[in-house]
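Residue-level structure breakdown
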Amino acid sequence: MRQEEFRLPRAVRMLFGLFVDCEMLSTIEEDLAQRYAEAAAASGTSYARLRSAGAMLSLLVSFAIESLLWSLTMFKNYLKVALRRIRRRKVYAFINILGLSIGLACFMLIGLWVEDELSFDRFHENKDRIFRVLNRMEDGSASYSLTYALGPALEAQYAEVEVACRVWPWYGSLVKYADRSFMEFNIALTDPSFFQVFSFPLLKGDPATALQDRLSIVLSEETARRYFGD
Amino acid sequence: MDVLSRIEEMLLLAIWKLEHNAYGISIREQVERDTGVKWMSGAIYAPLNRLKKSGYVKTFQAEGSAEKGGRPRVYYRLTSLGKDKLVTLQEVSQSIWLGVPDLKKEFKS
């Protein structure tokens, strides 16, 4: 039998390498080479090439299915071993599993919390440049109540502070319009620079001039409807 | 005790029959002789790989068996686990076929 030069293509070799070791690879290669030589002797090299390509494909499929089944078998085996160990050392297993589950639970809760925290107010154009100044209290906690002079002072004396904007929330204020009055819980005083810092989209009006006047006010759509009707 | 599939049983027997000459192609040809049909390579080597991973079969490379210009040929041989398995399989087969007459004659009449 004339031994035609037969070598597995590199890519095919690597694909087989996913499923089998090099010994099985050389067994397969020998077999394919023999089939190739037989087919080439019988019906020419181009036919033999086609045949060996088909054979490689079917071999690959067989080994892929095989390795899937094998990993399933091994998984069942590992599971069995693990269950046996748990049964044999109940206390240690309990401590291990408890510790792991608490750890995982913490990880997931922290992840959820961080994701939730990061999900707010993504629309601000300057969101990576907005910082909140807090006051460190004596007990180590942080408070957002600061002196009013701090805003303009920071802006004037620190080059890295482009714009300062003070926000003073007024919780629970009585608002009167004509003969109607409303108890408002979400109301705040702020600087004219507010819309320079935060890019809340306005339905009506120009953000550049919205809060310039001392007595000007910006209302949400819902609040405006409440005060003035439709 | 897990029951091997038919092809695994045939492979173990083929390797035993071939003794020191059991390598890929000879195993395939042995199975083809036994069954009288052509086999796809994948149908032989995937189960063979499984037998090897399960520890029924081990490989070795005979000294000085290098093909002309190629790598040394990989031979297959039964492990003691594989031999035990064959003994069990023979017992099982015999008990399955025990008392069954020649079916060819039985179904002809």
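Small disclaimer: the values here were computed from a predicted structure and weren't measured. (Residues numbered from 1 in each chain as written. Chains lettered and ligands numbered in written order. Predicted model: local features only at pLDDT ≥ 70, side-chain atom pairs only at ≥ 80, totals over all residues. Heavy atoms only, no water.)

1. Details of the overall build of chain A
A count of helices and strands for chain A gives seven helices and six strands. Secondary structure of chain A in N-to-C order comes out as α-α-α-α-β-β-α-β-β-β-β-α-α. The C-alpha radius of gyration of chain A comes to 37 Å, more than 25% above the 17 Å expected for a compact globule of 230 residues. Projected onto its principal axes, the C-alpha coordinates of chain A cover approximately 105 × 60 × 45 Å. Here chain A, with 230 residues, has 21% of them falling under the buried criterion. In chain A, of all internal contacts separated by at least 6 residues, the share reaching a separation of at least 24 is 41%. For chain A, the exposed area adds up to about 18100 Å²; of that, 61% sits on carbon and sulfur atoms. Treating the 27 positive side-chain charges of chain A as one cloud and the 28 negative ones as another, the clouds have centres 11 Å apart. (Helix = DSSP H or I, 4+ residues; strand = E, 2+ residues; numbered from the N terminus. Rg over C-alpha atoms; globule rule 2.2 N^0.38 Å. Buried < 20%, exposed > 50% of the residue type's maximum accessible area, 1.4 Å probe, protein only. Contact = heavy atoms within 4.5 Å. Areas by Shrake-Rupley, 256 points an atom, 1.4 Å probe, with all protein chains shown as cover. Lys, Arg positive; Asp, Glu negative; His and termini not counted. Charge placed at Lys NZ, Arg CZ, Asp CG, Glu CD.)

2. Quick word on a positive patch on the surface
Residues and elements named next belong to chain A. A surface patch of like charges, here positive, comprises Lys76, Lys80, Arg84, Arg87 and Lys90. In terms of residues, the positive patch owes the most to one element, helix 3 (residues 45-88), which gives four residues. Tracing the chain through its elements places Lys76 in helix 3. Exposure remark for Lys76: the relative accessible area of 58% places this residue in the exposed category. (Patch = residues over 30% accessible without salt bridge, like charges linked within 9 Å, V, L, I, M, F, W, Y side chains within 5 Å. Salt bridge = Lys/Arg side-chain N within 4 Å of Asp/Glu carboxyl O.)

3. Focus on the packing of aromatic side chains
Under the defined criterion, the tally for this structure stands at 13 aromatic pairs over all chains. A centroid spacing of 6.2 Å and a plane angle of 45° characterise the contact between Phe198(A) and Phe200(A), whose relative ring orientation is tilted. Residue classification places Phe198(A) among the partly exposed positions, given a relative accessible area of 21%. Taken together, the aromatic side chains of Phe123(A), Phe194(A), Phe195(A), Phe198(A) and Phe200(A) make up a single cluster linked through ring pairs. Between the NZ or CZ atom of Arg73(B) and the centre of the ring of Tyr23(B), over which it lies, the distance is 3.6 Å. The aromatic ring of Phe60(B) is capped on one face by Arg77(B), whose charged end is 4.1 Å from the ring centroid. (Phe/Tyr/Trp six-rings, centres within 6.5 Å; stacked < 30°, edge-to-face > 60°. Lys NZ or Arg CZ within 6 Å of the ring centre and 35° of its normal.)

4. Here's the deal with the nonpolar core
Judged by nonpolar contacts, the single largest core of 43 residues is most densely connected at Phe16(A), Ile28(A), Phe63(A), Leu12(B) and Ile27(B). Looking at this core, the elements that each hand over two or more residues are helix 1 (10-17), helix 2 (22-43) and helix 3 of chain A together with helix 1 (6-18), helix 2 (24-35), helix 3 (41-54), strand 2 (74-78) and helix 4 (80-97) of chain B. Of the residues forming this core, the biggest block, eight residues, is contributed by helix 2 of chain A. Beyond its immediate stretch of four places on either side in the chain, Phe16(A) contacts Leu8(A), Leu25(A), Ile28(A), Met56(A), Leu59(A), Leu60(A) and Phe63(A). (Core = buried A, V, L, I, M, F, W, Y, C linked by side-chain atoms within 4.5 Å.)

5. So, the interface of chain B and chain A
Taken together, the contacts link 27 residues of chain B with 20 residues of chain A. The interface formed by chain B and chain A contains five salt bridges. Where chain B packs against chain A, one counts 13 residue pairs in polar contact (both at pLDDT 80 or more). Looking at the side of chain B that touches chain A, the elements that each hand over two or more residues are helix 2, helix 3, strand 1 (57-61) and strand 2 of chain B. (Polar contact = N/O pair within 3.5 Å; in protein donor to acceptor, adjacent residues only side chain to side chain.)

6. Details of the pattern of salt bridges
A full pass over the atoms with the stated rule returns 16 salt bridges over all chains. A salt bridge links Glu32(B) to Arg28(B), with the nearest nitrogen and oxygen atoms 3.3 Å apart. Here the residue Glu32(B) and the residue Arg28(B) both occupy positions in helix 2, the gap between them amounting to four residues, near one helical turn. For the pair Glu32(B) and Arg28(B), a shared accessibility class is recorded, and that class is buried. Through salt bridges with shared partners, one network takes in Asp31(A), Arg35(A), Arg28(B), Glu32(B) and Lys38(B).

7. Things to note about helix 4 of chain B
One full turn of an α-helix is made of 3.6 residues, so residues set three or four places apart face in the same direction. Residues and elements named next belong to chain B. The terminal C-alpha atoms of helix 4 lie 26 Å apart, and with 18 residues this matches the ideal 26 Å at 1.5 Å per residue to within 8%. Every buried residue belonging to helix 4 is among Gly82, Lys85, Leu86 and Leu89, and all of these are buried. Along the long axis of helix 4, the arc covered by the buried residues comes to 100°, so they all point the same way. The exposed residues of helix 4 that point more than 90 degrees off its buried face are Ser80, Gln90 and Glu91. Contacts from the buried residues of helix 4 go to helix 1 and strand 2. (Expected span 1.5 Å × (residues − 1). Arc of directions from axis to C-beta.)

8. Quick word on the domain arrangement of chain A
For chain A, the domain assignment lists domain 1 (10-85), domain 2 (89-120) and domain 3 (127-228). Using only C-alpha atoms to locate each centre, domain 1 of chain A and domain 2 of chain A end up separated by 42 Å. (Domains from an automatic or database assignment.)

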